[in-house]
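Reading the structure
Here is what each chain is made of, one letter per residue.
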Amino acid sequence: MRDLPSGTVTFLFTDVEGSTRLLHELGTAGYAGALAEHRLVVRAASGAHAGVEVDTQGDAFFVAFPTAPGALAAAGEMTAALSSGPIRIRIGVHTGTPLLTEEGYVGEDVHRAARIAAAGHGGQVLVSSAAAALVEADGLYDLGEHRFKDLSAPERVFQLSDTEFPALKSLYRTNLPVPATPFLGRKQELAEVAELLARDDLHLLTLTGPGGTGKTRLALQAAAEASDSFPDGITWLPLAPLRDPELLLPSLAKALALKDEPGRPLEDTLTDHLTGKRLLLVLDNLEHLLPHAATHIAVLRDTNASVLVTSRERLRIKGEQTWPVPPLAAKDGSALFNARAQAIDPCFTPTPAVDELCARLDELPLSIELAAARTAVFSAQQLLDRLGQRLDLLKGDRDTDPRQQTLRATIEWSHDLLSDEEQQLFHRLAVFSGGCTYETAEQVTDADPDTLQSLLEKSLLRKRDGPTGTPRYWMLETIRQYATEQLEASDEAERLHRRHADHYLALAEEAAPHLRAIALRGPDGFRELLDRLESEHDNLRAALDWLEGAGETQQVLRLAGALVEFWFKNENWAELRTRLPAALTSDERPTAARAKALIGAADTLTMNDDLAGSRRYADEALDLYRMLEDRSGTADALWRISGTLRDHVDAQPFLEEARAHFREIGDRDSVMGVTRLLASLYMKSEDYDRAWPLYVENLTQARELGNTLREAQSLGALALISADQGKCKEALSLAAEHLSIARGHSRLDLSSAFSRVAYVLARAGRIAGAAQLLSYSEALTEEIGAIAPWVVELNDKTRALVREQLGDAACVEAYELGRSLAGDDAIAFAFAALG
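Residues numbered from 1 in each chain as written. Predicted model: local features only at pLDDT ≥ 70, side-chain atom pairs only at ≥ 80, totals over all residues. Heavy atoms only, no water.

Secondary structure assignment for the protein yields 36 helices and 16 strands. Taking 2.2 N^0.38 as the reference for a compact globule, 835 residues should give roughly 28 Å; the C-alpha atoms of the protein span a radius of gyration of 31 Å, in line with that estimate. Along the three orthogonal principal directions, the C-alpha set of the protein runs to about 90 × 70 × 50 Å. Out of the 835 residues in the protein, the part that is buried amounts to 54%. On the protein, roughly 35500 Å² of surface is accessible, and the fraction owed to carbon and sulfur atoms is 51%. (Helix = DSSP H or I, 4+ residues; strand = E, 2+ residues; numbered from the N terminus. Rg over C-alpha atoms; globule rule 2.2 N^0.38 Å. Buried < 20%, exposed > 50% of the residue type's maximum accessible area, 1.4 Å probe, protein only. Areas by Shrake-Rupley, 256 points an atom, 1.4 Å probe, with all protein chains shown as cover.)

Among the secondary structure elements, Ala222 is positioned in helix 6 (residues 215–225). The exposure class of Ala222 is buried, given its relative accessible area of 0%. Excluding its chain neighbours within four sequence positions, the residues that come into contact with Ala222 are Leu190, Val193, Ala194 and Leu197. (Contact = heavy atoms within 4.5 Å.)

Two numbers describe how helix 10 (residues 330–344) lies on helix 11 (residues 352–360): the axes approach to 9 Å, and their chain directions differ by 115 degrees. When the interaxial angle is binned, helix 10 and helix 11 end up roughly perpendicular. Here helix 10 and helix 11 pass one another in a crossing that is right-handed. Where helix 10 approaches helix 11, its residues Gly333, Ser334, Phe337 and Asn338 are matched on the opposing element by Val354, Asp355, Leu357 and Cys358. (Axes fitted to C-alpha atoms, helices over the stretch in contact; angles between N-to-C directions. Parallel < 35°, antiparallel > 145°, perpendicular 65-115°, else oblique. Left-handed = near helix turned anticlockwise from the far one by under 90°.)

We now examine the pairing of strand 7 (residues 125–128). Taking every second residue as pointing to the same face, both faces of strand 7 are buried, with Val125 and Val127 on one and Leu126 and Ser128 on the other. Pairing of strand 4 (residues 89–96) with strand 7, which is carried by three bridges, proceeds in the parallel orientation. Paired with Ile91 across the two strands is Val125, which belongs to strand 7. Relative to strand 9 (residues 155–160), strand 7 runs antiparallel, the two being bridged by three bridges. For Ser128, the partnering residue across the bridge sits in strand 9 and is Val157. (Pairing = 2+ DSSP bridges.)

Another aspect to go through is helix 23 (residues 573–586). Its 14 residues give helix 23 an end-to-end C-alpha distance of 20 Å, which sits within 8% of 20 Å, the value for a rise of 1.5 Å per residue. Taken together, the buried positions of helix 23 are Trp573, Ala574, Glu575, Leu576, Arg579, Leu580, Ala583 and Leu584. (Expected span 1.5 Å × (residues − 1).)

Spanning twelve residues, helix 36 (residues 823–834) covers 17 Å between terminal C-alpha atoms, matching the ideal 16 Å at 1.5 Å per step. Those residues of helix 36 that sit buried are Ala826, Ile827, Ala830, Ala833 and Leu834. On an axial view of helix 36, the arc spanned by its buried residues comes to 130 degrees, and they lie on one face. Facing away from the buried surface of helix 36 by more than 90 degrees, the exposed residues are Asp824 and Ala832. (Arc of directions from axis to C-beta.)

One pass over the full model with this rule turns up seven aromatic pairs. Ring geometry for Phe62 against Tyr105: centres 6.4 Å apart, planes inclined by 50 degrees, an arrangement best described as tilted. In this pair, Phe62 is assigned in strand 3 (residues 60–65) and Tyr105 in strand 6 (residues 104–106), connecting sequence segments 43 residues apart. Judged by its relative accessible area of 12%, Tyr105 falls in the buried class. Look at Trp639 and Phe662: their rings are 5.9 Å apart centre to centre, the planes differ by 80 degrees, and that puts the pair in the edge-to-face class. Taken as a pair, Trp639 in helix 26 (residues 631–643) and Phe662 in helix 27 (residues 648–665) lie far apart in primary sequence, 23 residues in all. Exposure class is identical for Trp639 and Phe662. Each is buried. Put simply, the rings of Phe11, Phe13, Phe62 and Tyr105 touch in pairs and so form one group of aromatic residues. Directly above the ring of Trp639 sits Arg640, whose terminal nitrogen or CZ lies 5.5 Å from the centroid. (Phe/Tyr/Trp six-rings, centres within 6.5 Å; stacked < 30°, edge-to-face > 60°. Lys NZ or Arg CZ within 6 Å of the ring centre and 35° of its normal.)

On to the packing of helix 32 (residues 747–763) against helix 36. Between helix 32 and helix 36, the least distance of the axes is 11 Å, while the angle of their chain directions is 30 degrees. It follows that helix 32 is roughly parallel to helix 36 by the angle criterion. Our pair here, helix 32 against helix 36, has a crossing hand that is left-handed. Only Ala826, Ile827, Ala830, Ala833 and Leu834 of helix 36 make contact with helix 32, whose side of the interface consists of Phe754, Val757 and Leu761. Of the residues assigned to the contact of helix 32 with helix 36, the class counts are eight nonpolar, no polar and no charged. (Nonpolar A, V, L, I, M, F, W, Y, C, P; charged D, E, K, R; others polar.)

Below, the discussion takes up the nonpolar core. Of all hydrophobic cores here, the largest spans 138 residues; its most connected members are Phe426, Leu429, Leu559 and Phe754. In terms of residue count, the dominant contributor to this core is helix 22 (residues 553–569) (ten residues). When neighbours within four sequence positions are excluded, Phe426 is seen to be in contact with His415, Leu418, Leu455, Leu460, Met475, Ile479, Tyr482 and Ala483. (Core = buried A, V, L, I, M, F, W, Y, C linked by side-chain atoms within 4.5 Å.)

Let us look at the pattern of salt bridges. Under the counting rule described, the total for this entry stands at 51 salt bridges. Note that Arg594 and Glu620 form a salt bridge whose closest N and O atoms lie 2.8 Å from each other. Here the residue Arg594 occupies a position in helix 24 (residues 592–607), and Glu620 occupies one in helix 25 (residues 611–628), the gap between them amounting to 26 residues. You can call Arg594 buried: its relative accessible area is 6%. (Salt bridge = Lys/Arg side-chain N within 4 Å of Asp/Glu carboxyl O.)

Attention now moves to the sheet that holds strand 4. Ordered by their spatial adjacency, seven strands build an open sheet running 2-3-1-4-7-9-8, and the pairing between neighbours is mixed. The open sheet has two edge strands, strand 2 (52–57) and strand 8 (140–146), and neither has a second partner. Shown here is a sheet whose adjacent strand axes are inclined to one another by a mean of 20 degrees, direction ignored. In this structure, strand 1 (residues 9–16) lies alongside strand 3, joined through five bridges in antiparallel fashion.

Inspection of the secondary structure assignment puts His296 in helix 9 (residues 292–301). The contacts of His296, once residues within four sequence positions are left out, are Pro245, Glu246, Leu249 and Glu267.

Further remarks concern the environment of Glu697. Residue placement: Glu697 occurs in helix 29 (residues 688–705). On the basis of relative accessibility, which here comes to 29%, the residue Glu697 falls in the partly exposed class. Spatially, the C-alpha atoms of Glu697 and Thr675 are 8.7 Å apart, while their sequence positions differ by 22 residues. With sequence-adjacent residues up to four places away left out, Glu697 is seen in contact with Arg659, Arg663 and Thr675.

So this is what it looks like as structure tokens:
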């Protein structure tokens, strides 16, 4: 070990591709000879460039180099020398700063290099970005970003030489989270679970065990290890923040980027999407949603998809294979403790007390991590003495799972060591569901940076980056349950829940008008605001739940009404269908909060094409707003009523009154919205002389205000009118301008734009392009799960034109080509067809 390089070190891992196949083809003697020749080559090339052999296992080498150029030169010589022989090796090269101990290298860099090598193919040399930065760029080819089976963050990978190889064996199509620490031990358990997941005849596997046994971590790692068996991807869904079993399928659909179609059972949408796919669903922390959630899982089980569940109890449904997660093996428990302790203090030295302490902790990973977090203050022997006394006190209860006793004792012991300020913040942070940002913790719980950092260092709190890059602080569910017990037993519970609800009500009410304005004026900031609200969705749900339980019905109406814009833009149809009606039923007093919620409910039913139901809600909202003398609200209600009327003669008086109100209060955006609806009714009756100037008026106003959504809508409508009037050249030009702006808005707006373009192309006689874009538009709306009635009518008109001019066989072929288009390709195809 004294010869091993230290400091910045470049690791090289090799492995023989297809060793079992080679043994069969060459025979035992032939393979032994080829393997010996391969070893000579690897050792000669390594030695020539100052490489030191760290380890050899079977036909794999682990070599350390003092420089990255030396490692790459050796790798190139190895592959060149072996290129003409039967043995081909895959090589991974990575540079890092590992800890060098008497027993060898310690640290993530070793595992990283091995993972990179495992992703390659025979004859291929893969180079990490860290190593590539230290060598000349000539001869290195960028393979893009990849995630490996250690679940670390995506990393850019390079290849030595321009030889073509199959795709890397890396993770793809997955949202598996990036763990804060590497996976340690459990090799046998990992292999067993990964093998079960890969079985074609097994579609539901449940990892069971009490809290703290490491079910989640094992499930994530097993999913990564089995990823080659799931070419259609792996989707992870954390369920701990959910409290309503009916949100399980909508949450899963959202994680799959699959949208709930109004009027269609979500089970059917999910079944259609999953059937025929080799896809893995990882549902984490299911137990609190049982038994109701089991029926939803059965729907998923009956498709070809595989489902991996973690739960404290089994689901008890047909086809379920349970796998109880055992404690860590003794050596793995000690290794975990030592790794966590050395992360705190690199000079930590393992002692026999570590083994005894881990045994007393029943080798439970969470208990071990909590104990190891205290090594900054106590030695292993001191921890054993102090924690052992607490464990002895609880061992007398024979009615409780011993492992659960151990975990609770460990959490209680960690909690009791906290200062008063730390305990108070620990309890208060339990009010959050799904975590929070520092700023929110400061506002709701009076958190301060020092106390928050202290809880992080003691492993009672965790940190991860949110979707906007802002750090979020959260607790493991087992720890949060204990903190929740402490909070609810205190005299602060009601005050904290109220502050939490007030905070998220203010957030929703502040965001709603901004979300609408941003949506109108383009994509800048739109996704960021949606992501911020999505990251707080569990807290918003929790606030609604608490307000409902507390009987704060007016606050429930305010919050549900404020979230309508977010739920619409984020396509949370399940929330719209359940939360709004429940809120309206809970409190029928004639208030502004009820009126606003009624407007949202009317919009929801219009989207479902339930115009009669929408009219009832809108009529009630109109009566309330007139009573409250709210002119903006009155205009909104009139607008919604007009949207339930198909004939422009019936709708016109409502729209004209709404326009007058909006003009008087100076709401020019809403004036354009009402004008658009009035123009569309004229257009539907083919009264183009009245429709055209209204759309031109809107186009002018939209450009003055920078309202790109109304600009795009106006251009699209003018394109349709021009097409109907036979002005094909003008229609094609307007449609192209319309698409160029609409592409920057929501997917729903973009799908409507493709429908308009398809119709214009059909009118212009460009039938093949029309058929393909019609097919793509319909596929996109199916994915989104929402479509406006006027788009359905427009698509029907386009389809009739296409069928009239194309034969059945040509139609089928064009539709198939359209559905095969991808996002950017579809846009490029549309512009080409319009040109």
